[in-house]
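Residue-level listing of the chains:
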Amino acid sequence: MAESYVEHEVGHPALQHHFANLEQQREAGTLGMWVFLVTEIMFFGGMFLAYTLYRSKYPEAFAIASNHLDIKLGAINTAVLIFSSFTMAMAVYSTQIGKRRAQIISLVATIILGLAFLGIKAVEYYQKYEDHLIPGSLIPGNPFNPDPHAMHLTQGVLMQHVQMFYWIYFAMTGMHALHMIIGVGLLSFLLYFSVKGRYSPEYHNPVEVIGLYWHFVDIVWIFLFPLLYLLGRHTGGH
Amino acid sequence: MSEHIVPVKVYVGIFLALMVGTAITVLAAFQNFPGALNVIVAMTIAVVKATLVVLYFMHVRYSARLIWVIVASALFWMAILFALTFSDYWTRGWT
Amino acid sequence: MEEFTPPVPSKINYINAQYGLKSWLLTKDHKRIALLYLGSITFFFFIGGIYAMLIRLELLTPQGDLLQSTTYNKVFTQHGIIMVFFFLIPSIPATLGNFLVPMMIGAKDLAFPRINLLSWYIYMLGGLITIYALLAGGVDTGWTFYTPFSTTFSNSYVVAAGLGIFINGFSSILTGLNFIVTIHTMRAPGMTWFRLPLFIWSHYATSLVMILGTPVIAITVLLVAFERVAHIGIFDPAVGGDPVLFQHLFWFYSHPAVYIMILPSMGVVSELIANFSRKNIFGYSFVAFSSLAIAVFGFLVWGHHLFVSGQSIYAGMIFSFLSFAVAVPSAIKVFNWTATLYKGSISFDTPMLYALGFIGLFTIGGMTGLFLATLGVDVHVTDTYFIVAHFHYIMVGGAIFGYLGGLHYWWPKISGRMYPDGWGRFSALLIFAGFNLTFFPQFVAGYLGMPRRYHAYPPEFQVFNVLSTAGASILAVGYLIPAIYLVWSMRYGKVAPGNPWNLPGLEWRTQSPPPTENFDYTPVVTWEAYEFAPPEETEVVGRFRDEVPEKV
């Protein structure tokens, strides 16, 4: 029995006092991030539910509103984000095999791609602002008031249902962008400690865990892109 | 350490698959498929892409069963939220 | 109880390990964080209690004489918000759970101590914002924030209160996350899943509800706040929105939230019943899995809050059936507790009085819940005092009884002092009597048709309201007595030994109060949960009960 007795292993500076060893600490970290991602899924789930309900209620208005989004920028952004997911995976990989230079380069690339995504998103938002498509009175002095002609509004479709699409669009992409901003912050934190040489094949849980978060944000976008930009294109999109 | 190191080749392959999936879904969106097929095609591609990210980029394919259970339970609870909410909406006399 | 010499007085424990305000506000020790939570939820409990007294005073007479109708709307709303979000949800998990989950599984701390501290700060921030909303002018929507009243018509501080609840939700999520990870990864050697105390199982189930449900209410109140500020129309029928969507999203969390309140309480009661009968719990695995079953089934029943929202008969039947189903695991627990008592050597200590009270009151609360799951009956009693009485039997008779029982039971461990037993039993009985006098008449009044949420009512209901207000006064005294003697006992109480109840659980195998890392050695578990030694050996076990677990 005495052999099964577990004491705190002394040694690695990153080992926290209440864990028996690095393996347990790593397991807890990874599990914690997965549980957190479950809460994130439910958080976005509420908005996906609202989207599904209103899209089934107002299909024409949603198609019209969706066709007004910039599909080119949306597609480019999808590619940018997938690429950043790839560089993130490479960051984890190079940490696992102990290649510091590759690790730093991958992290820098991920950060740059994340910022590029946010920049393109900002351009899109600005276009919507110019077209008075920001819903409600969210921006004081610039209420929702698009030109019905420019929207190709067909007979019987109410502008308020178009507004509903834009509110869901802004709520979901806005929440997604917020997660991206947090993600870029977390990556900068990783980069800082990675330059300082903290992560090694023995201890790289933070890289792994933040990687999980980054991939999750990517997955949300993988669903947002078709739901917001693509569905309804075939009904006379341009 | 019981962790599995995924070879670079796999990452590159998944990355290319995701890019191809994105291209296909954009092209498919402009085709006029009958009925709800447009939605089905778009969502199927999205689910496949998300599954690839989860299994390979997020290493779930090589992870403990507990992680599988966690992922599955998140999807299950989403399904509850949708199924029971729409069990109300689909049977309502008014909409 | 036998007298034992207390642990060596110079022994360092988590309370005297460090001194000063800073050592408390920056602590990462789960036991100290539990005490921070204990102080703050008690504060919110008394604020909520003041609102409760105002409600009962107003309802003493049929006329609206003490409060105006608008004030009354705010008073019951604020009673609900404070009690639900700032007392009941965090009550047992954040205090007893925080303190005991690591100790019961033989860990040194929760998996993420910093996140644990963060959750308390988030809770306080959410609480302060909510208090700001109350002081600035109050909220009058009811704790349910139904749209479009909350988004469009109410002239009160809905956004601030909603923001407070939104922020507070993260504290709940982080607590649940911490528990799940801790229970999975930090169990001591030998502590297998089926050796876990049932308290742990119920906290695991609670955590599931916390992490799966809370995000949905978070996004919902956020959307309400945006709707109110920017008039976008997501829940507003005037611009194409759907208020029923709000009800679905709200109750997807808020019905399971009831299980966040009751499941930990059930865990406490399982501990109390087994330990004060000195018997292994009857049907351990049934009680353990029924917690999980309640957590899962709890997510399937929310539609019964929408029975009168124009829901179709088909959806109504589905939700009605599912609501009946959730009674099965709850009943399994009640039957198993009762079977545990059978031929047990029962001692009626204060915690046990609360546990027995819980069983009775929870049964009444649960059975009346079945009335409400029945479509026809529900239509009759919707929005009456029958509902109010029903959920108070669950939330007070269930959740608070479990909380107070657990607080007394583990008080020697938490504080290192015994509470005065005579006062303890007296106040337990007083609370039981006061509670029933308060809420039982409300069943009758509600069944006869007295609506809830009005400050005036027809004179024929006065007799029930007078009884209810009288009961509430007794209840208030009953709550004050433990508040006083528990504080008193921290200084003047008899010094508690490591294992005052002579029990096998891990938390009793260390000194009271425990050292910062809980155990002097990492314990190795070689016994089953609730494994009481045969009578002839009890004495021997008892002799060593102040010992830390020997290195096996």
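These figures come from a predicted structure and were not determined experimentally.

A. Structural context of the overall build of chain A. What chain A contains, in helices and strands, is six helices and zero strands. Secondary structure elements of chain A, listed N to C terminal, follow the sequence α-α-α-α-α-α. In terms of C-alpha radius of gyration, chain A reaches 22 Å, well past the compact-globule figure of 18 Å for 238 residues. The burial tally for chain A puts 51% of its 238 residues in the buried class. Considering only contacts within chain A whose residues lie at least 6 apart along the sequence, 76% involve residues at least 24 apart.

B. Molecular detail of the nonpolar core. Among the nonpolar cores identified, the biggest contains 270 residues, and A:Val35, A:Val38, A:Ile168 and C:Ile105 are the most heavily contacted of them. For this core, the leading source of residues is helix 9 (residues 243–276) of chain C, giving 22 residues.

C. Structural detail: the environment of A:Thr154. Residues and elements named next belong to chain A. By the secondary structure assignment, Thr 154 is in the loop between helix 4 (100–130) and helix 5 (159–195). Put simply, Thr 154 and Ile 139 are 15 residues apart on the chain and 27 Å apart in space, counted from C-alpha to C-alpha. Setting aside residues no more than four positions away along its own chain, Thr 154 makes contact with Glu 60 and Ile 64.

D. Fine view of the interface of chain C and chain A. Of the residues lining the interface, 34 residues belong to chain C; the matching set on chain A comes to 33 residues. Counting only elements with at least two residues in the side of chain C that touches chain A, the list comes to helix 7 (158–185), helix 8 (198–230) and helix 9 of chain C. With eight residues, helix 8 of chain C is the single largest residue contributor to the side of chain C that touches chain A. A breakdown of the residues in the side of chain C that touches chain A according to their chemical character gives 23 nonpolar, seven polar and four charged.

E. Representation of unusual backbone geometry. Residues and elements named next belong to chain C. For the bond from Thr 147 to Pro 148, the omega torsion is 0°, close enough to zero to count as cis. Each neighbour pair has its own omega, and for Ser 512 with Pro 513 the value is -20°, a cis peptide bond. On the secondary structure map, Pro 513 appears in the loop between helix 16 (462–492) and helix 17 (535–543). Phi is positive for Phe 145, close to 55°, though the residue is something other than glycine. Its 26 C-beta neighbours within 10 Å are what place Phe 145 among the buried residues.

F. Region of the structure containing the interface of chain B and chain A. If you look at the interface, chain B gives 37 residues, while chain A gives 34 residues. Elements represented by at least two residues in the side of chain B that touches chain A include exactly helix 1 (8–29), helix 2 (37–57) and helix 3 (65–89) of chain B. When grouped by side-chain class, the residues that make up the side of chain B that touches chain A number 28 nonpolar, eight polar and one charged.

G. Highlighting the packing of helix 11 (residues 313–341) of chain C against helix 12 (residues 350–373) of chain C. All names here are of chain C. Running from amino to carboxyl end, helix 11 crosses helix 12 at an angle of 165°, the nearest separation of the two axes being 10 Å. Comparing the axis directions of helix 11 and helix 12 gives the class roughly antiparallel. Once helix 11 is placed against helix 12, the crossing between them reads as left-handed. Where helix 11 abuts helix 12, its residues Ser 320, Ser 323, Phe 324, Ala 327, Ser 330, Val 334 and Trp 337 lie against Ile 359, Thr 363, Gly 366, Leu 370 and Ala 373.

H. Geometry of the domain arrangement of chain B. When cut into domains, chain B gives domain 1 (1–63) and domain 2 (64–95). One C-alpha centre belongs to domain 1 of chain B, the other to domain 2 of chain B, and the line joining them spans 22 Å.

I. Just the environment of C:Ile474, in detail. Following the sequence through the fold, C:Ile474 ends up in helix 16. Residues in contact with C:Ile474, not counting those within four places in the same chain, are C:Leu430, C:Ala433, C:Gly434 and C:Leu437.

J. Helix 3 (residues 69–88) of chain C, seen in detail. Given a rise of 1.5 Å per residue, 20 residues ought to cover 28 Å, and the 27 Å separating the end C-alpha atoms of helix 3 of chain C matches this to within 8%. Where burial is concerned, most of helix 3 of chain C is hidden: 16 out of the 20 residues are buried.

K. Examining the confidence of the model for chain B more closely. All names here are of chain B. This prediction gives chain B a mean pLDDT of 92; 95% of its residues lie at or above 70. The spread of mean pLDDT over the elements of chain B runs between helix 3, the lowest at 94, and helix 1, the highest at 96. Across the predicted assembly, pTM comes out at 0.93 and ipTM at 0.94.

Quick notes on the rules
- All residue numbers refer to positions counted from 1 along the written sequence of the respective chain.
- In the order they appear in the text, chains get letters beginning with A and ligands get numbers beginning with 1.
- Where totals are concerned, whole chains, interfaces and linings use all residues; where local detail is concerned, this predicted model gives features only for residues with pLDDT of at least 70, and gives and counts side-chain atom pairs only at 80 or more.
- Note on conventions: DSSP H or I runs of at least 4 residues are helices, E runs of at least 2 residues are strands, and numbering of each starts at the N terminus.
- Within these notes, the globule rule equals 2.2 Å times the number of residues to the 0.38 power, and the radius of gyration is based on C-alpha atoms.
- Residue burial here comes from a neighbour count, namely the number of other C-beta atoms, placed from the backbone, that lie within 10 Å of the residue's own C-beta, with 20 or more meaning buried, 12 or fewer meaning exposed, and in between meaning partly exposed.
- Contact criterion: two residues are in contact if their C-beta atoms, reconstructed from the backbone, are within 7 Å.
- Working definition: the nonpolar core is a set of buried Ala, Val, Leu, Ile, Met, Phe, Trp, Tyr and Cys residues, joined through C-beta atoms within 7 Å.
- Gly counts as polar in this scheme, as do all residues outside two lists: the nonpolar Ala, Val, Leu, Ile, Met, Phe, Trp, Tyr, Cys and Pro, and the charged Asp, Glu, Lys and Arg.
- To obtain each axis, a line is fitted to C-alpha atoms, and for helices this fit is confined to the stretch in contact; angles are then taken between N-to-C directions over 0 to 180 degrees.
- Oblique is the label for every angle not falling under 35 degrees (roughly parallel), over 145 degrees (roughly antiparallel), or within 65 to 115 degrees (roughly perpendicular).
- Crossings are sorted by hand: turned counterclockwise from the far helix by less than a right angle, the near helix makes the crossing left-handed, and turned clockwise it makes it right-handed.
- Just so you know, the domain bounds were taken from an automatic or database domain assignment.
- A helix's residues, less one, multiplied by 1.5 Å, set its expected span.
- Along the chain, pLDDT gives the predictor's confidence residue by residue, from 0 to 100.

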